[in-house]
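Structural description and commentary
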Amino acid sequence: MKLINKITLNFFLVSSLIILISGVAAYFFLRHEVDEKVDYKIYDEKREVIRRFAENYSEMTSDYKNLSIHLNIEKTTFTNRYWEEIKDTLIPAPRKHKHSRHKPPLQSYRQLRFNHTINGETYVITLRKLLVDSEDLIEALERMLIFVLSFLLVCLGIMNYLMSKKTWTAFSDIVNQVTNFNITKGKALELPHSDILEIKNLNKAINEMTEKVGRDYSALKEFSENASHELQTPISVIQSEIELMIQEDSLDGEKISHLQNINQATTKLARLNQALLLLTKIENGQFADFNSIQITELIDKNLNNFTDMAELRNISFDKNYHSSPVLKLHSHLADILIGNLLKNAVKYCSESGKINITVNESSFSISNPGAELKVPPEDLFNRFKKADQASKSLGLGLSIVKKICELYNLKIEYLYSDQNHTIKIYF
Amino acid sequence: MKLLLIEDEEAIAVSILNYLKSEGYICETVPNYIKASEKISVYEYDIVLVDLTLPDGSGLDLIRELKMEKKNTGIIIISAKNSLDEKILGLELGADDYITKPFHLAELNARIKSVIRRRKFEGNNETRFNEIFINHNDATVWVNNKQLKLTKKEYDLLIFFISNKNRVMTKEAIAEHLWQDNIDLSDSLYFVYTHIKNLRKKILEKGGNDYIKTVYSVGYKFVDL
């Protein structure tokens, strides 16, 4: 759920609850106020009635006919102890037409009953006031109140939503930028300007963080490249010294085999270092310029390096050039790309197998027969993942291929079917 | 044959110097740009080996200096960078070859020999080794005046051997000379062995001597009998 929707929903829920409570409270408050007024009036009348009784009680009934308060006086013989009672009561409305068939609706009254003793005679006096007017008033007020509050609620809700949305656009903009941030591209973030303190703080924090990450990243890249460079010299020295040593005639078999072990390890180290250096250079964007390269020519040129190796293992090449696409690549990287793929195909091709090279308008694929991979195919392009961990190869060839493909936004995929390994590159 | 090695890493300079001296070259070494500039303006060298990254300047400027003075000196760039652009630039400036660190001394030696050959025998580039005669211009090899039919790799291998005769060459140096890094080291033994076997067989067929000696576990040696 979006934060803005959550906030708006919460706003509506809480506001509705507040309106409900205040509506109910307002109702009871009004009710109480109105009742108080009515009661006040009835008690007022009561005093008036008692006053009149004292003057002349026989005239009472006729006098009160015009008042809004009904008066009923009955003589009683029961008690002379004083009592009074005030309550709401329902009484059928007087019929407008005498022989109406409808049952008359009940009307709500406020009624005060009390006994009054005068001149030794006790009367029960009932004062009754119709409540219709005040009920209507409360209802009208209540309706208006609800309408005004609801209108206010909706307006506030919409306003809140729109304003929040405006505020949050900056936020979602930032989130977008951060999501699409790519450290390898080395491009700084362009965060939206905002006068909101929180957004400003967020921008500042993100900027500081990405700058730091960027600095660390380039420092690391620089370090890897420098480290590889620095390693070249000692490796050169070791290699040269071994070459000088093995020239000596006095060496016996055991010493020579020690030297040979050192030599092999050093050669491997040298290659490993060069492969890593190449990877760092690609990552550091040091192969920016490009040439137009015809893929089929590139393949034929590189194939020459492998023909003798292939012949020795009775491997043949089956070239299917349906088209001769031209790609814009750095020529050195192009050679490495094709060279590594060919090397890989020849190396893992089964004896007397046939390596199939197909070039189409939009893809290049190379496949060789061979036993199924022992590692998951998704690991194939990862650094130091080898088909056979015990193998003496470096395990960097295909990750270099992948890196080059990434550099030029070429899609690369690996397939295995019918005992055939296929690596396909789409351009 | 006079050589100047411009290399700031002393350890590398010493081992290159040792190797080249034992090849019979008169070899000097300087560690920086200023000294190198001094030397090349005063003395004549047949070959200058120049490291491009010197502490006080670029080796490329030294190549420019050499070319300005129109000296007929062979130039081989030694670089730690393996950068194609740098290589192209160096060759355009007039360098004869470009070799990337780390390299095998046998490889460097073969490159030097090749440069000397090209410069010395302009248009008439030939090598004779006892009964073996090599014409570098059309890449033909003759043994006892009978032509050998060699593959490209076998031809390269023979030249490499003759350039480094009487020296032990590791299988790794041979493999990298023939295939650069297009071959896995684990496979190289077999491939090198097969090529040497074929080359030896072809020379013997034409009545040549067997000069290629196997050095136990390490590699091979082309011995002048």
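Above this text is the structure in question.
First things first, this report covers the structure right here in the doc.

This part covers the sheet that holds strand E7 (residues 97-100) of chain B. Residue and element names in this part refer to chain B. The five strands lie next to each other as E2-E1-E3-E6-E7, forming an open sheet whose pairing is parallel. Edge positions in the sheet fall to strand E2 (26-30) and E7, since each of these pairs with one other strand and no more. Taken pair by pair, the neighbouring strands of this sheet meet at an average axis angle of 20°, ignoring direction. In this sheet, E7 lies alongside strand E6 (residues 74-79) in parallel orientation, the contact comprising four bridges. Residue Ser79 lies in a different strand from E7, and its bridge partner there is Thr100. Relative to E2, helix H2 (residues 33-42) is tilted by about 145°, and along the sheet it contacts strand E1 (2-6), E2 and strand E3 (47-51). Strand contacts of helix H5 (residues 105-120): E1, E3, E6 and E7, with the helix running at about 175° to E7, the strand carrying the most contacts.

Residue and element names in this part refer to chain B. With antiparallel pairing, the four strands of this open sheet are ordered in space as E8-E9-E10-E11. Looking at which strands have only one partner, the edges of the open sheet turn out to be strand E8 (126-129) and strand E11 (146-148). Ignoring which end each strand starts from, the neighbouring axes of this sheet average 25° apart. Taken together, the four bridges between strand E9 (residues 132-135) and strand E10 (residues 140-143) define a ladder with antiparallel strand orientation.

Okay, empty space enclosed by the protein next. Residue and element names in this part refer to chain A. Tallied over the entire structure, the rule returns one cavity of 30 Å³ or more. Reported here for the largest cavity is a volume of approximately 50 Å³. Lining the largest cavity are Ile295, Leu298, Leu327, Leu337, Ile338, Phe364, Leu410, Ile425 and Phe427. When grouped by side-chain class, the residues that make up the lining of the largest cavity number nine nonpolar, no polar and no charged.

Turning our eyes to something else, we now look at the pattern of salt bridges. Residue and element names in this part refer to chain B. As enumerated under the stated definition, the model contains 28 salt bridges over all chains in all. For the salt bridge of Lys101 with Asp51, the shortest nitrogen-to-oxygen distance reads 3.0 Å. Pair noted here: Lys101 is in the loop between E7 and H5 and Asp51 is in strand E3, with a separation of 50 residues, a long-range link. Neither residue differs from the other here; Lys101 and Asp51 are each classed as buried. Asp61 is the partner of Arg64 in a salt bridge, and the nearest nitrogen-oxygen pair spans 2.6 Å. One end of the pair, Arg64, and the other, Asp61, are both in helix H3 (residues 59-68), three residues apart, so they sit about a helical turn from each other.

Cis rather than trans, the peptide bond between Lys101 of chain B and Pro102 of chain B has omega equal to -10°. Of note, Pro102 of chain B is situated in the loop between E7 and H5. Not every positive phi belongs to a glycine, and Asp418 of chain A is a case in point at roughly 50°. Summarising the element assignment, Asp418 of chain A is placed in the loop between strand E10 (411-417) and strand E11 (420-426). Backbone geometry at Ala139 of chain B places phi at a positive 55°, although glycine is not the residue there. Relative to the elements of secondary structure, Ala139 of chain B occurs in the loop between E9 and E10. According to the relative accessible area criterion, Ala139 of chain B is partly exposed, its value standing at 40%.

Here we take up the nonpolar core. Core analysis: the biggest nonpolar cluster contains 98 residues, and Ile16, Leu49, Ile112, Ile132, Phe161 and Ile174 of chain B have the highest contact counts within it. Among the elements that make up this core, the one with the highest residue count is helix H8 (residues 331-348) of chain A (nine residues). When sequence neighbours within four positions are dropped, the list of residues in contact with Ile132 of chain B reads Thr127, Val141, Trp142, Val143, Leu158, Ile162, Ile203, Tyr211 and Phe222 of chain B. Core analysis: the next-biggest nonpolar cluster, separate from the first, contains 19 residues, Val30, Tyr33, Leu52 and Leu62 of chain B among them.

Definitions and cut-offs
Residues numbered from 1 in each chain as written. Chains lettered and ligands numbered in written order. Predicted model: local features only at pLDDT ≥ 70, side-chain atom pairs only at ≥ 80, totals over all residues. Heavy atoms only, no water. Pairing = 2+ DSSP bridges. Helix = DSSP H or I, 4+ residues; strand = E, 2+ residues; numbered from the N terminus. Axes fitted to C-alpha atoms, helices over the stretch in contact; angles between N-to-C directions. Contact = heavy atoms within 4.5 Å. 1 Å grid on protein atoms, 1.4 Å probe; cavity = no way out; pocket = protein on both sides within 12 Å on 5 of 7 lines; lining within 4 Å. Points joined across faces, edges and corners; volume = space filled by probe spheres on them. Nonpolar A, V, L, I, M, F, W, Y, C, P; charged D, E, K, R; others polar. Salt bridge = Lys/Arg side-chain N within 4 Å of Asp/Glu carboxyl O. Buried < 20%, exposed > 50% of the residue type's maximum accessible area, 1.4 Å probe, protein only. Core = buried A, V, L, I, M, F, W, Y, C linked by side-chain atoms within 4.5 Å.

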